[in-house]
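Overview (structure and organization)
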Amino acid sequence: MSDVYEKKESCVRKSPKSLANRKYFLHGLTYFFTIVLYTQAMTKESHTQTEAVMLQDFLFPACIQNTELQVDRLPQHEREFQEMKDPNAVLQPDNSIMLYCSIGSSRTQNWKIGRFHAQYLSGPYKELESAELEGLSGPEVCAPAVMIEENNDKQLWSMYVQSSCFVEDGVIALATSEDGQHFKVDEKPVITKSHLEQGAYPIVGVYDAGISTIEINNKTLLCLLFSGYRRVGCGDIFMTYREKNSRPADWKIAQRILAQEEVPFHNDPSYEHFEWGLEGAKITQLSEDCFLLIGVCFLPRPKEFQGKRQRVFFAVSSSFTGPYLPLGSPFAPQMIGNESGEHGHPD
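In this report, we go over the structure that sits alongside the text. (Residues numbered from 1 in each chain as written. Predicted model: local features only at pLDDT ≥ 70, side-chain atom pairs only at ≥ 80, totals over all residues. Heavy atoms only, no water.)

Re the overall build of the protein
Looking only at helices and strands, the protein has seven helices and 18 strands in total. Out of the 347 residues belonging to the protein, those deemed buried represent 51%. A separation threshold of at least 6 residues defines the contact pool for the protein, and within that pool the share at least 24 residues apart is 53%. In the structure as shown, the protein presents an accessible area of about 16,700 Å², 48% of it carried by carbon and sulfur atoms. (Helix = DSSP H or I, 4+ residues; strand = E, 2+ residues; numbered from the N terminus. Buried < 20%, exposed > 50% of the residue type's maximum accessible area, 1.4 Å probe, protein only. Contact = heavy atoms within 4.5 Å. Areas by Shrake-Rupley, 256 points an atom, 1.4 Å probe, with all protein chains shown as cover.)

This is how it looks when you write it as structure tokens:
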């Protein structure tokens, strides 16, 4: 353990300047991400999950705080589509932010994909007309993962989006747009349960995509993370990838990169008070050989804590394909007080 601590100074010096100098980098996280770089030592040597959990207090400083964003909602959405979750912030060519997220109601499970614009990541945000998707149906078409790509010198918005999450046979589809609002869905889904490498647990559906760009051996890769569920609500984290300029059909067979049983602070699927599985995952590349997986887990607490157990968690690896070492949950719902609330999906 002391070897890990001693690597702090050298790893801080290796921290990419782009991370430390990014105008939109949230206050407090710069310190955390530079510290996380030296946890790659944990991923390259043999360490126990207990040691990983012991690192949590050291790695997660008190400076990481929740900050509520100021949002100016459209009047027609304030009641029927009051909730906002599953955020995905996209940096536009003019350096402004387009934020996509699920808007709707947990009570009615009526969702659509909202759009919000801001000059800065910290806001304030103004709601625009919602995204429109042509060619995809399902009970929970939401939780978008969006990025801007260049196609024949034109700006193209690519959205990876689920069809459902509360029933079996959910898929992840690709929808594209030239204006960021009107999307047309490809006829063939990007991911179905048949695209997964089957392991110990048969997968009955997929949902909740997260898209990232990483640089490996002078190649730019698109990494698509998502949840594959053994039964509804019981998902592990899977990943597929392809070269950015390759054909959409060139996605690799998806592999499980983090199972629920590998996260010691997550409720185990066999737990009598099991609530939900791992979801909301996305990879951030911190250096050439250090990758941060950010996702959502559920704490192993009794049923009386229902609605108070969802937490953002971090895991690291020296390879984007894993294996990933879970580090812990860096945030507590301080704004609500006494941990009476919970956290939804990060971005």
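Concerning the sheet that holds strand β16 (residues 290-298)
Across the sheet, which stays open at both edges, the four strands sit in the order β15-β16-β17-β18 with antiparallel pairing between neighbours. The open sheet has two edge strands with one neighbour each: β15 (279-287) and β18 (325-328). Taken pair by pair, the neighbouring strands of this sheet meet at an average axis angle of 30 degrees, ignoring direction. (Pairing = 2+ DSSP bridges. Axes fitted to C-alpha atoms, helices over the stretch in contact; angles between N-to-C directions.)

Section: the packing of aromatic side chains
Taken as a whole, this structure holds nine aromatic pairs when the rule is applied. For the ring pair Tyr160 and Trp251, a centre distance of 6.1 Å and an interplane angle of 90 degrees mean the geometry is edge-to-face. Taken together, the residues Tyr160 in strand β8 (residues 154-162) and Trp251 in the loop between β13 (234-243) and β14 (255-258) connect sequence positions 91 residues apart. Taken together, Tyr100, Trp157 and Phe183 form an aromatic cluster joined through their ring pairs. One residue, Arg301, lies across the ring of Phe305, its end atom 5.4 Å from the ring centre. (Phe/Tyr/Trp six-rings, centres within 6.5 Å; stacked < 30°, edge-to-face > 60°. Lys NZ or Arg CZ within 6 Å of the ring centre and 35° of its normal.)

Here we look at unusual backbone geometry
The omega angle of the peptide bond from Gly123 to Pro124 is 5 degrees, so this bond is cis rather than trans. Relative to the helices and strands, Pro124 resides in the loop between β4 (110-118) and β5 (125-128). In this model, Gly322 is joined to Pro323 through a cis peptide bond whose omega is 5 degrees. For Asp208, which is not glycine, the phi dihedral falls at a positive 65 degrees. Mapped onto the elements of the fold, Asp208 is located in strand β11 (residues 205-216). For Asp208, a relative accessible area of 3% gives the class buried. One non-glycine residue with positive phi stands out, namely Asn218, at about 65 degrees.

Things to note about the pattern of salt bridges
Under the definition given, this model contains nine salt bridges. For Lys193, the salt bridge identified is with Asp169, shortest N-O distance 2.7 Å. Of this pair, Lys193 sits in the loop between β10 (182-185) and β11 while Asp169 sits in the loop between β8 and β9 (172-177), placing them 24 residues apart in sequence. Given the relative accessible area of 47%, Asp169 is considered partly exposed. Residues joined in a network through salt bridges with shared partners are Arg230, Asp236, Arg256 and Glu261. (Salt bridge = Lys/Arg side-chain N within 4 Å of Asp/Glu carboxyl O.)

Things to note about the environment of Val316
Relative to the helices and strands, Val316 resides in strand β17 (residues 310-317). For Val316, a relative accessible area of 0% translates into the label buried. Remark: the alpha-carbon pair of Val316 and Leu286, spanning 30 residues in sequence, is separated by 9.8 Å.

Notes on the pairing of strand β3 (residues 97-105)
Judged by how many residues are buried, β3 sits mostly within the fold: nine of nine residues are covered. Here β3 shows a buried face lined by Ile97, Leu99, Cys101, Ile103 and Ser105 and a second buried face lined by Met98, Tyr100, Ser102 and Gly104. In this antiparallel pair of consecutive strands, strand β2 (residues 83-91) and β3, the connection spans five residues, and Asn95 shows a positive phi of 70 degrees. The pairing of β3 with β4 spans nine bridges and is classified as antiparallel. Note that in β4 the partner of Ser105 across the bridge is Asn110. What sits between β3 and β4 in their antiparallel hairpin is a turn of four residues, with Gln109 showing a positive phi close to 55 degrees.

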